Amino acid sequence: MAHDVFISYSTDDANEANAIVNALESNGARCWIAARDINPGDIWAQAIMNAISGSRIAVVVFSASANSSKDVLNEVDAAIRKGLIVIPFRIEKVAPDGAMEYHLRTRHWLDAMTPDLESGIRRLVGDVKAILAGEPRPPEPFVPFTREPKPSATSDSKTTIRIPKLTVFLARLWGRHKKRIIIAGGMVAPVLVAWLALNRRTVSGVQFEVPMAGAGGKDVSFPITERRMRFFEGGRGQTAPSQRTYATKLPAVATRYVNIELSLEHARPPRPVPLPISCTIYQPSGGVFSIATQNLRLPSDQENSTYVLGWGSNVPGTWPPGKYRTDCNYGGKLIGRDRFEITGDASRAKGPPDIASLGARVVGMKFFESAAGAMPPEDQRIFAERFDVRTARHINVEILTNHAATGQTVNFPISCTYLKPDGSVLYILQKSFNVPASYENTTFAAGVGWKDPGQWRPGAYRVSCVHDGKTISEGSFEVVGQ
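Residues numbered from 1 in each chain as written. Predicted model: local features only at pLDDT ≥ 70, side-chain atom pairs only at ≥ 80, totals over all residues. Heavy atoms only, no water.

K.L.:
Break down the sheet that holds strand S18 (residues 394–402) for me, citing the residues and quoting the values.
P.N.:
Strand order in the open sheet formed by three strands is S16-S18-S21, and the pairing between neighbours is antiparallel. The outermost strands of the open sheet, each flanked by one partner alone, are strand S16 (361–370) and strand S21 (443–449). Pairs of neighbouring strands in the sheet enclose a mean axial angle of 20°, with direction left out of account. Across seven bridges, the pairing between S18 and S21 is antiparallel. Bridging across to S21, isoleucine 399 finds its partner in phenylalanine 444. (Pairing = 2+ DSSP bridges. Helix = DSSP H or I, 4+ residues; strand = E, 2+ residues; numbered from the N terminus. Axes fitted to C-alpha atoms, helices over the stretch in contact; angles between N-to-C directions.)

Encoded structure:
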């Protein structure tokens, strides 16, 4: 399949490259990036050449790492020989050297050094869209690259140390007004701490206004309130609301796309309302990881609405562990902020799936109580790790899995062993499950117990679940009371 844009980058700059891909693809440009689009078993060099041959533009994410990368140099050389439009996108203040300078010195550069990466990506999107549409390239953002001047050589063999004038000034200021500076610092520090806390908090309930065409052709404001932001994992396609498992902690071993669900509160609009929203995902270190944009549209036939934006890969294991912040904006205004965390070791994603017939990985185990023979729906289950002996009847285990839709119904067995507090077997639960062809990220639940409460002995119980002779999940719960 042909692509519009080939992304050339060093693996050290994967976060910036992913952010560029997300922004371009959200605006209709098809991208090719090695980490996502090279299939297992492909010959790396051949896949790269095929991708370059099938693209019109090459975006070079330029940094010190890219400058010294032989792979990036080879990709730039191939892109030029194939006649692609090459756009160097500089994310560090570094000049190209050697062969890289030979290839790129006459190109027009787009500088996007941190912390201005987000605006740089927006300019890049505009330029790429113009090129693909056959329009003249926007001249504003692009400036010829100029090398930093080198200090002139001197014949003086002595080493001269120059102290900047500002440093001298600050030293004198500290010596003369030390006490006053300390007092002022004590007054400023609480304000700074409060500002940092404000910047880190969750933001919701923000009201904003969207212009829409009114009577007589004049624009009027349509008020909307962002009520809630939630996260769920999924594949490349849309995940049905009934199949979404919301969480703020997502396992690295199984996470593909992290989807942001925004719940908006509004009246029924008299006509469809355009609503472009952008959500920026910040990596644990604070830099931009990805920008998800979508030109939403409020339909005229409903009140309140829910929209999903997301970023990731259809292959798990590409999210580095850590805590991520997500800011969603409309028209430059922050309308929602929340956080999620990628946990565990992403390297486990490279192994075989836990349930081969489903292509699924088990990502968690939870417990909940219910009446005998009355399995509650997923949204009515109350999960816990401790249960009261006076009220516990059936204690059920729920296994959470991560998988894509299989396209056909899959049936497979699971055996779960409940161990008593003394280590002896309480019960071996054997169950077969059917997974419909369109299901993703399915949960499986079953349990053991008694019709009436009071039958569980107090203590810690352990549950181990096996499929095809392999332990796929383990967990424990406690029954407390007399």
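K.L.:
Please provide a residue-by-residue account of the state of the cysteines, values included.
P.N.:
In total, this model carries two disulfides according to the counting rule given. Here cysteine 279 connects covalently by a disulfide to cysteine 328, the sulfurs 2.0 Å from one another. Judged by the torsion about the S-S bond (105°), the cysteine 279/cysteine 328 disulfide is right-handed. Taken as a pair, cysteine 279 in strand S11 (residues 273–282) and cysteine 328 in strand S14 (residues 322–330) lie far apart in primary sequence, 49 residues in all. The exposure class of cysteine 328 is buried, given its relative accessible area of 0%. In this model, cysteine 416 is linked to cysteine 465 through a disulfide, with the two sulfur atoms separated by 2.1 Å. One disulfide, between cysteine 416 and cysteine 465, carries an S-S torsion of 110° and so falls in the right-handed class. Here the residue cysteine 416 occupies a position in strand S19 (residues 410–419), and cysteine 465 occupies one in strand S22 (residues 459–467), the gap between them amounting to 49 residues. A relative accessible area of 5% places cysteine 416 in the buried class. Owing to a relative accessible area of 0%, cysteine 465 belongs among the buried residues under this scheme. Once the disulfide-bonded cysteines of the chain are ranked by sequence position, their pairing pattern turns out to be 1-2, 3-4. (Disulfide = S-S within 2.5 Å. Buried < 20%, exposed > 50% of the residue type's maximum accessible area, 1.4 Å probe, protein only.)

K.L.:
Tell me about the packing of helix H1 (residues 14–26) against helix H7 (residues 117–132), and please be specific about residues and values.
P.N.:
How two helices pack is summed up by the angle between their axes together with the distance between the axes. Their axes nearest at 10 Å, the elements H1 and H7 cross at an angle of 45°. Comparing their axes, H7 and H1 come out oblique. For the pair H1 and H7, the sense of crossing is right-handed. Facing Glu16, Ala19, Ile20, Ala23 and Leu24 of H1, the residues of H7 in contact are Leu117, Ile121, Leu124, Val125 and Val128. Of the residues in the contact of H1 with H7, the class split is nine nonpolar, no polar and one charged. (Parallel < 35°, antiparallel > 145°, perpendicular 65-115°, else oblique. Left-handed = near helix turned anticlockwise from the far one by under 90°. Contact = heavy atoms within 4.5 Å. Nonpolar A, V, L, I, M, F, W, Y, C, P; charged D, E, K, R; others polar.)

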